[in-house]
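# What the coordinates show
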Amino acid sequence: MMTSRMTSLSSIELGGKHVFLSPSYDAGARHAGDLIGHEDVLRTVLAAWQQQPGMPPMAPLLVGPPGVGKNHIVYELARITGKRLWILQGHEDVTADDISCAVRSSDDPTRKFDYILASPATAMHEGGIVLFDEIGKMRPRALAPLASVTDERRTLFSNLLGDGILAHPGFRFIAATNSVDLDAEGLPDFIRSRLQPVIQIGLPGRREIGRIVRSRFERIGAKDELMSQFWRLWDAHRDGTLPSPRETLHVFGLAMGLADVDAGLTDEATDRVMLMVQPRHLEEAFLRICVNTRATT
Ligand SMILES: Nc1ncnc2c1ncn2[C@@H]1O[C@H](COP(=O)(O)OP(=O)(O)OP(=O)(O)O)[C@@H](O)[C@H]1O
Ligand SMILES: [Mg+2]
């Protein structure tokens, strides 16, 4: 219901109007694993975000295939900087109002409308980080307001508020896109030239993938034979490419789920840490996720 949602949001006075803020994304509370590797990426973004005389903090763009860790890198940046994070999920139907401010009819009898500051505008006001995720999927028209956000003006103009929102000095901008979207559609030059540096996020190597799996799943822990089995299956079925961390985590997650189900464990069971994942569980999970077929043995 609109009422309960609205009353749980904090609000401010802006341009003489009562405006609700969008909630930030608490990655720490929802995200289990540590970020493995990518120290150079973190270092580059933190350097780009440093305030230098006469120029605004830069607005980096992370580019990489699906499931490679772009979001996870931004969650880690929020953790390191101690800033709150707001995420705008880019898609074809995002409009300028989704970036700045939207208006809805109010349930409060004393007001006709509720103004809701969108995630990017809230991050600017609060001095947090905004992630423009999947920016390559957004239309140039929706991206136009970003020109003044990412250059020295650091201002977002809202038609509804009839005013510009000047960014708090702590505000930082980052964008991410899938390499395929970027190649297919490209980004308009006015925004491309403002998103710097462009940081390519490549698929991690086998050692890194092993570290990601071990750090995420206590149960796999030192069981190197399961990791070796994974690579044997990968070489047999998907030779010549590398798995993404997401794909690999799905395989091991499903293998553990299969082990749980075979042992008759329910969702609430807490004693699964010692439960053995058998090679047959891993093989079945691998075939389902990476080959999209069913184990026949
Ligand atoms: N280096 C890493 N260390 C730990 N976990 C990782 C790492 N890279 C990816 N992951 C995990 O892999 C999964 C996918 O990562 P994430 O969602 O960040 O990818 P993405 O690049 O944003 O993908 P998409 O383009 O589809 O949005 C998440 O569970 C994430 O925690
Ligand atoms: Mg992502």
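As a reminder, the structure under discussion sits directly above these lines.
Residues numbered from 1 in each chain as written. Chains lettered and ligands numbered in written order. Predicted model: local features only at pLDDT ≥ 70, side-chain atom pairs only at ≥ 80, totals over all residues. Heavy atoms only, no water.

## Observations regarding the sheet that holds strand β6 (residues 113–117)
Strand order in the open sheet made by the four strands is β1-β2-β6-β5, with mixed pairing throughout. In this open sheet, the two edge strands, each paired with only one partner strand, are β1 (11–14) and β5 (101–105). Averaged over all adjacent pairs, the angle separating strand axes in this sheet is 40°, with direction ignored. Pairing of β1 with strand β2 (residues 17–21) involves four bridges; the strand directions are antiparallel. Bridged to Leu-14 within β2 is Lys-17. Against the sheet, helix α6 (residues 119–126) engages β1, β2 and β6, with an angle of about 70° to β6. (Pairing = 2+ DSSP bridges. Helix = DSSP H or I, 4+ residues; strand = E, 2+ residues; numbered from the N terminus. Axes fitted to C-alpha atoms, helices over the stretch in contact; angles between N-to-C directions. Contact = heavy atoms within 4.5 Å.)

## Quick word on the pairing of strand β7 (residues 129–133)
Within a regular strand, side chains alternate between the sheet's two faces. Counting buried positions along β7 gives five out of five residues, so the element sits mostly inside the fold. Of the two faces of β7, both are covered, the one formed by Ile-129, Leu-131 and Asp-133 as well as the one formed by Val-130 and Phe-132. In terms of strand pairing, strand β4 (residues 85–89) meets β7 through five bridges, oriented parallel. In the strand pairing of β7, Leu-85 is matched with Ile-129. (Buried < 20%, exposed > 50% of the residue type's maximum accessible area, 1.4 Å probe, protein only.)

## What to know about the site of ligand 1
Around ligand 1 lies a shell of 19 residues, among which Ile-36, Gly-67, Lys-70, His-72 and Arg-216 are the nearest. Separating an oxygen atom of ligand 1 from a backbone N or O atom of Gly-67 is a distance of 2.8 Å. His-72 places a side-chain nitrogen or oxygen 2.6 Å from an oxygen atom of ligand 1. Assessed atom by atom at 2 Å from the grid points, ligand 1 resides in the largest pocket. Taken together, the elements giving at least two residues each to the shell around ligand 1 come down to α4 (70–81), α11 (206–216) and α13 (245–262). The residue inventory of the shell around ligand 1, partitioned by class, reads eight nonpolar, six polar and five charged. The two domains that each donate at least three residues to the shell around ligand 1 are domain 1 (5–200) and domain 2 (206–295). (Near = heavy atom within 4 Å. Polar contact = N/O pair within 3.5 Å; in protein donor to acceptor, adjacent residues only side chain to side chain. 1 Å grid on protein atoms, 1.4 Å probe; cavity = no way out; pocket = protein on both sides within 12 Å on 5 of 7 lines; lining within 4 Å. Sits in = over half its atoms within 2 Å of the grid points. Nonpolar A, V, L, I, M, F, W, Y, C, P; charged D, E, K, R; others polar. Domains from an automatic or database assignment.)

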